[in-house]
Amino acid sequence: MTTQNTLIPLPAPIARLATTAGAAIALVGTFLPWTWTTEFPGDLTVTGYPGGLQILTLTGAILTLVFALCGYGIRGMRWLTPGGTNSPVRLLALGTLGTTGYAMGAISYELGGVVNLEPGAWVSGIGALIATITALGLPSDDPLPQDQPQPGTWQRFRNSLTAPAAGRAKTLPAWAEILIIAGSFGVALYVFTYGIDIPTEESEQFIGFLITAGFAFTALTRAGLISRITALTTKHRNVTLAAALVAAFCFPFTQDTAEYALIGANILIFATVALGLNVVVGLAGLLDLGYVAFLGVGAYTAALVSGAPLSAIGVHFPFWAAVLTGAAVSLIFGVLIGAPTLRLRGDYLAIVTLGFGEIFRVTVNNLNGNSGPDLTNGSQGIPSIPDLNLFGIDFGLSHDIGPFTLSRPANYYLLMLVVTAVVVLVFRRSGDSRIGRAWVAIREDETAATAMGINAFRLKLLAFALGATLAGLAGTVQAHVNYTVTPEQYQFAGSVPPNSAFLLAAVILGGMGTLSGPFVGAALLYLIPAKLQFMQDYQLFLFGIALILLMRFRPEGLIADRRKQLEFHENDTIDVPEPRQSEETGAGIAKAGA
């Protein structure tokens, strides 16, 4: 037996009505001034035209209002809540209150007291508070069993934010499913563009964006919409991949300045290298703590053969030859390092790879003509790497395409997108192949895999070599994007990604063994430090706290496959088709695995 537990004893109709009213009040407040001066970022002084943090509160209030109305069973809105009905409302109300409360606190702190708050801020704050309190009075979507001991307040609160899994959706025409996938990526592109376009000096607005986006995504997950979209993307994998590439291709056309296009290019480099590391860590289960060295090998190789004035080799290969050279040299290093070390396992392998990463950095730092041969120019690195010229297009110049202007970073972003597409294709094909399944078997239990006839050493060496090659491929583009390569760019841990620690964290945060996980993890780990520069001195401390929280509440990563979810959540069960009966004999028939 179960009980519809609530945190606040309110009749459900009154709680829903009050939540709806509170969200409406918070919405109205965003159209009123929140402060009297334009010194606070975002210009919150205009009546009738929300700006800055007001837009985020407005978004949260609208979503809270819409999902609160879904609880009335209004026809045409039921598709919004195939999973939970009330938990999304609670999460959205909490997110709206969090964003509004943060905005009021930031205004008071920066301008010198609550006296600087105008009536609009108080209206939105009170409305969000009403919506949050009364939303806690809504029944739980996933009631606690009555036969368990009386739960405490914290347990009931956590349970109120959970929801049952969404049921199987009705089959739609293929064209409709494809349109939904395309629309989803369009929304994702808009949200990402909005976040990246927030000026770096307006960190208050970016923090509000993170609060709103985090609660909204969790609410959509509880409502069951994310699982429905995930089911469609799984069904139409090729369409999903094409839609993702089209959305990524459109990004530089949404940018007016080179600053944010450069951030986008660096995120792609970071994500592509993380995806290469995902082959080693996510598929094969090899803990590599010196992976950034392979990125450095590719970058230094490209710098030496691309005609840089201080190159010790003095040759100028065309770009395609430089790419192949960088990838080949990285492959050779991967084999040379992997062959004698991959017979180790676990922590021992991690220590050896960490040593390789540091040896690479120290070696290129000493190849300066004094401590060793004059090859890499030591700590000064190789500067003035020339811009590419492909098919008559100078990547160092801006180019006009219709009404759009592509800056230098935008040119390299599009080039990096092509490299990313190649890496995605390699990862996807290798992961779905016989070799990919053997990697997963080695990751799960190397002894059992070896007993079943899998040559573990050869396959681990193949994974190591492939990961090194993909990193070197990305490194050849990074050298041209950054104009220069120096040893300090390729550390184990530092304040500026990519480095080995952040690459590994991107894989773990996004979800090991998944295709999209490293992209999500890399985007978050690169974008957040770039936007919150005032926290640079505490970056590694906050990074550690975030990893601890992730390990506690989401150990499988933000985007995890079913295997990882079952591994880390013991109470989950595998989805097995219901047994059916034969029409002729009436005997039970079960699917394999049932």
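Residues numbered from 1 in each chain as written. Predicted model: local features only at pLDDT ≥ 70, side-chain atom pairs only at ≥ 80, totals over all residues. Heavy atoms only, no water.

1. Overview of the packing of helix H10 (residues 258-283) against helix H19 (residues 517-531)
Interaxial distance between H10 and H19 falls to 8 Å at its minimum, and their mutual angle equals 140°. Considered as vectors, H10 and H19 are oriented oblique to each other. Crossing angle aside, the handedness with which H10 passes H19 is right-handed. Packed against H10, whose contacting residues are Tyr260, Ile263, Asn266, Ile267, Phe270, Ala271, Ala274, Leu275 and Asn278, the element H19 presents Pro518, Phe519, Ala522, Ala523, Leu525, Tyr526, Leu527 and Lys531 at the interface. (Axes fitted to C-alpha atoms, helices over the stretch in contact; angles between N-to-C directions. Helix = DSSP H or I, 4+ residues; strand = E, 2+ residues; numbered from the N terminus. Parallel < 35°, antiparallel > 145°, perpendicular 65-115°, else oblique. Left-handed = near helix turned anticlockwise from the far one by under 90°. Contact = heavy atoms within 4.5 Å.)

2. Re the packing of aromatic side chains
Enumeration according to the criterion identifies 14 aromatic pairs in this entry. Centroid distance tyrosine 291 to phenylalanine 294: 6.0 Å. Interplanar angle 70°. Geometry classified as edge-to-face. Both residues of the pair, tyrosine 291 and phenylalanine 294, belong to the buried class. On the basis of an interplanar angle of 80° and a centroid distance of 6.3 Å, the ring pair of tyrosine 300 and phenylalanine 360 is categorised as edge-to-face. One end of the pair, tyrosine 300, is in helix H11 (residues 292-305); the other, phenylalanine 360, is in helix H13 (residues 346-366), with 60 residues separating them in the sequence. Each member of the pair, tyrosine 300 as well as phenylalanine 360, is classed as buried. Ring-pair connections join several aromatic residues into one group, and the members of that group are Tyr291, Phe294, Phe356 and Phe464. Taking NZ or CZ as reference, arginine 408 lies 3.9 Å from the ring centre of tyrosine 483, over its face. (Phe/Tyr/Trp six-rings, centres within 6.5 Å; stacked < 30°, edge-to-face > 60°. Buried < 20%, exposed > 50% of the residue type's maximum accessible area, 1.4 Å probe, protein only. Lys NZ or Arg CZ within 6 Å of the ring centre and 35° of its normal.)

3. Points about the pattern of salt bridges
Evaluation of the coordinates by the stated rule reveals five salt bridges. The salt bridge partner of glutamate 177 is lysine 235, with a shortest N-O separation of 3.3 Å. A residue pair is termed long-range when its members are at least 10 positions apart, and glutamate 177 in helix H6 (residues 174-196) and lysine 235 in helix H8 (residues 225-235) qualify at 58 residues. A salt bridge links arginine 408 to aspartate 387, with the nearest nitrogen and oxygen atoms 2.9 Å apart. With arginine 408 in helix H14 (residues 408-432) and aspartate 387 in the loop between H13 and strand E3 (389-390), the pair connects residues that are 21 residues apart, well separated along the chain. Relative accessible area serves as the criterion here: at 28%, aspartate 387 is assigned to the partly exposed category. (Salt bridge = Lys/Arg side-chain N within 4 Å of Asp/Glu carboxyl O.)

4. Comments concerning empty space enclosed by the protein
In total, this model carries three cavities of 30 Å³ or more according to the counting rule given. In this model, the largest cavity occupies a volume close to 60 Å³. Forming the walls of the largest cavity are Leu56, Thr57, Gly60, Leu63, Leu91, Leu92, Gly95, Thr96, Thr99, Thr212, Phe215 and Ala216. If you list the elements that add at least two residues to the lining of the largest cavity, you get helix H2 (53-70), helix H3 (87-111) and helix H7 (203-223). (1 Å grid on protein atoms, 1.4 Å probe; cavity = no way out; pocket = protein on both sides within 12 Å on 5 of 7 lines; lining within 4 Å. Points joined across faces, edges and corners; volume = space filled by probe spheres on them.)

5. A short note on the side chain of threonine 486
With respect to the helices, strands and loops of the structure, threonine 486 is situated in the loop between helix H17 (456-481) and helix H18 (500-510). Apart from residues lying up to four places away in sequence, threonine 486 is in contact with Tyr300, Ser379, Gln380 and Gly381.

6. A few points about the side chain of aspartate 288
Inspection of the secondary structure assignment puts aspartate 288 in the loop between H10 and H11. Although buried, aspartate 288 forms no salt bridge, and the nearest oppositely charged side chain, lysine 460, lies 13 Å from it. Within the structure, aspartate 288 has its side chain in polar contact with the backbone nitrogen of tyrosine 291 (distance 3.4 Å). Contact partners of aspartate 288, with chain neighbours within four places excluded, come to Leu277, Val280, Val281, Phe294, Thr353 and Phe464. (Lys, Arg positive; Asp, Glu negative; His and termini not counted. Polar contact = N/O pair within 3.5 Å; in protein donor to acceptor, adjacent residues only side chain to side chain.)

7. Some remarks on the confidence of the model for the protein
Of the residues in the protein, 92% reach a pLDDT of 70 or more, and the chain-wide mean stands at 83. Under a pLDDT of 50 for its full length, residues 572-594 has, in the predicted model, 20 contacts with residues more than four places off or in other chains. (pLDDT = per-residue confidence, 0-100.)

8. Remarks on a nonpolar patch on the surface
A grouping of Tyr538, Phe541, Leu542, Ile545, Leu549 and Phe553 is seen on the molecular surface, where their side chains present a nonpolar patch of about 630 Å² in accessible area. Residue placement: isoleucine 545 occurs in helix H20 (residues 539-553). According to the relative accessible area criterion, isoleucine 545 is partly exposed, its value standing at 35%. (Patch = residues over 30% accessible without salt bridge, like charges linked within 9 Å, V, L, I, M, F, W, Y side chains within 5 Å. Areas by Shrake-Rupley, 256 points an atom, 1.4 Å probe, with all protein chains shown as cover.)

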